[in-house]
Amino acid sequence: MKNFEMKEGLDLAWCPGCGNFNIRDSIIQALQELELKPQNVVFSSGIGQAAKMPQYIGANYFNGLHGRAMPVAVAIKGANPELTVIAEGGDGDMYGEGGNHFIHNVRRNPDITHLVHNNMVYGLTKGQASPTSRKDFKTGVQINGVVNEPMNPLALALVLGATFVARVFSGDKEQVKDVIKAAIEHKGYALVDIFHPCVSFNKVNTYRWYKEHTYPLDGSHDPTDWNMAMAAAMESDKFPLGVLYKKEGLATFADLQPVYEEDKTAIVRRKRDLSQVNQLIME
Ligand SMILES: Cc1ncc(C[n+]2csc(CCOP(=O)(O)OP(=O)(O)O)c2C)c(N)n1
Ligand code: SF4
């Protein structure tokens, strides 16, 4: 693999105008600007329009069950800390089906980047409400409107001790690229919640709606201040964009594993003595 573009001649299965196109451009540019080698980058994803992303990028990927991208990503990074690992999917995939994995893997501070395409709807299955759908949002299933309050993934990540929490909007490719770069460079768990319109099944949260309901964080926001980050995460009339929180220097999941205590060699590079495995099975 020479660069991060996918093989020529493959079609992208997204609707014209979908926010996923811009996100793809930003990811590819971020990886290229960081001068990463495609063979050292691994994506892990589940099911959904967003979760198809790794198929459209020239790098390694694991595409598995709905909601299960996170544990696979954490395991890949644990087995080979030399890799850049990115877990990617939609708000339904990561916060709904994968909600339990989201909660428990954030606590572990794995050194992975978590990209969640938040279009506030289930796109692939034609428009059911997702955990981030706004109250009163009408869908073909919720015909009288969603009755529940939406989930707040940024506040939840902060409460769980996430060490990097950001939100961006796919309409601003440059910001998406810059924040993804910062997330990849961050040593520890990094959540990037990416607002993007589903032009086919969400006629409420459109490009215009996101523009009117977001604003960029400015220099008065201190991303090292957890309380400030939490206050920003709780805003809901207008959603702040940028890096809400960043804490450096904490041990990651792999750092804390006894297997890396004395020997930093990646597990995948170590010599395996299969006779020990056989012995264990016999016991
Ligand atoms: C366990 C399980 N439940 C439900 C489905 C059906 N399903 C496939 S994709 C999807 C929704 C995807 O929505 P989201 O993750 O928000 O991604 P989008 O398509 O909007 O990018 C659902 C419910 C499934 N494949 N597996
Ligand atoms: S259904 Fe929505 S999320 Fe899926 S490709 Fe079309 S516009 Fe994008």
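First, a word on what this report is: a plain description of the structure on this page. (Residues numbered from 1 in each chain as written. Chains lettered and ligands numbered in written order. Predicted model: local features only at pLDDT ≥ 70, side-chain atom pairs only at ≥ 80, totals over all residues. Heavy atoms only, no water.)

## A few points about the pattern of salt bridges
Item 1. Scanning the model with the defined rule gives 13 salt bridges in all.
Item 2. Across the pair D111 and K77 runs a salt bridge, and its minimum N-O distance is 3.7 Å. Separated by 34 residues along the polypeptide, D111 in the loop between helix 4 (99–107) and strand 4 (113–118) and K77 in helix 2 (residues 69–79) bring together distant segments of the chain.
Item 3. A salt bridge links E149 to K135, with the nearest nitrogen and oxygen atoms 3.5 Å apart. Within this pair, whereas E149 is found in the loop between strand 4 and helix 5 (153–159), its partner K135 is found in the loop between strand 4 and helix 5, the two being separated by 14 residues in sequence.
Item 4. Taking relative accessible area as the criterion, E149 reaches 61% and is therefore assigned exposed.
Item 5. A single network of salt bridges, built from pairs that share partners, joins E33, E174, K177, D178 and K181. (Salt bridge = Lys/Arg side-chain N within 4 Å of Asp/Glu carboxyl O. Helix = DSSP H or I, 4+ residues; strand = E, 2+ residues; numbered from the N terminus. Buried < 20%, exposed > 50% of the residue type's maximum accessible area, 1.4 Å probe, protein only.)

## Details of the site of ligand 1
Item 1. Close to ligand 1 lie 16 residues; Q49, G92, D93, G123 and L124 are nearest.
Item 2. Between ligand 1 and G123 there is a distance of 2.8 Å, counted from an oxygen atom to a backbone nitrogen or oxygen.
Item 3. Taken by itself ligand 1 offers 600 Å² of open surface, and the protein chains cover 73% of this.
Item 4. Among the elements that make up the shell around ligand 1, the one with the highest residue count is helix 3 (residues 91–97) (four residues).
Item 5. For the shell around ligand 1, the class distribution of residues is five nonpolar, eight polar and three charged. (Near = heavy atom within 4 Å. Polar contact = N/O pair within 3.5 Å; in protein donor to acceptor, adjacent residues only side chain to side chain. Areas by Shrake-Rupley, 256 points an atom, 1.4 Å probe, with all protein chains shown as cover. Nonpolar A, V, L, I, M, F, W, Y, C, P; charged D, E, K, R; others polar.)

## Regarding the sheet that holds strand 8 (residues 239–246)
Item 1. Strand order in the open sheet formed by eight strands is 2-1-3-4-6-5-8-7, with mixed pairing between adjacent strands. Strands at the two margins of the open sheet, each flanked by one partner only, are strand 2 (60–63) and strand 7 (214–216). Looking at each pair of strands side by side, their axes are set apart by 25° on average, direction ignored.
Item 2. Those strands touched by helix 6 (residues 173–185) are strand 3 (84–90), strand 4, strand 5 (164–169), strand 6 (190–195) and strand 8, and its axis lies near 165° from that of strand 5. (Pairing = 2+ DSSP bridges. Axes fitted to C-alpha atoms, helices over the stretch in contact; angles between N-to-C directions. Contact = heavy atoms within 4.5 Å.)

## Notes on unusual backbone geometry
Item 1. At E35, a position not held by glycine, the phi torsion is positive, near 55°.
Item 2. You can see E35 is positioned in the loop between helix 1 (20–33) and strand 1 (41–45).
Item 3. You can call E35 exposed: its relative accessible area is 71%.
Item 4. Even without being a glycine, K126 presents a positive backbone phi close to 75°.
Item 5. Along the polypeptide, K126 turns up in the loop between strand 4 and helix 5.

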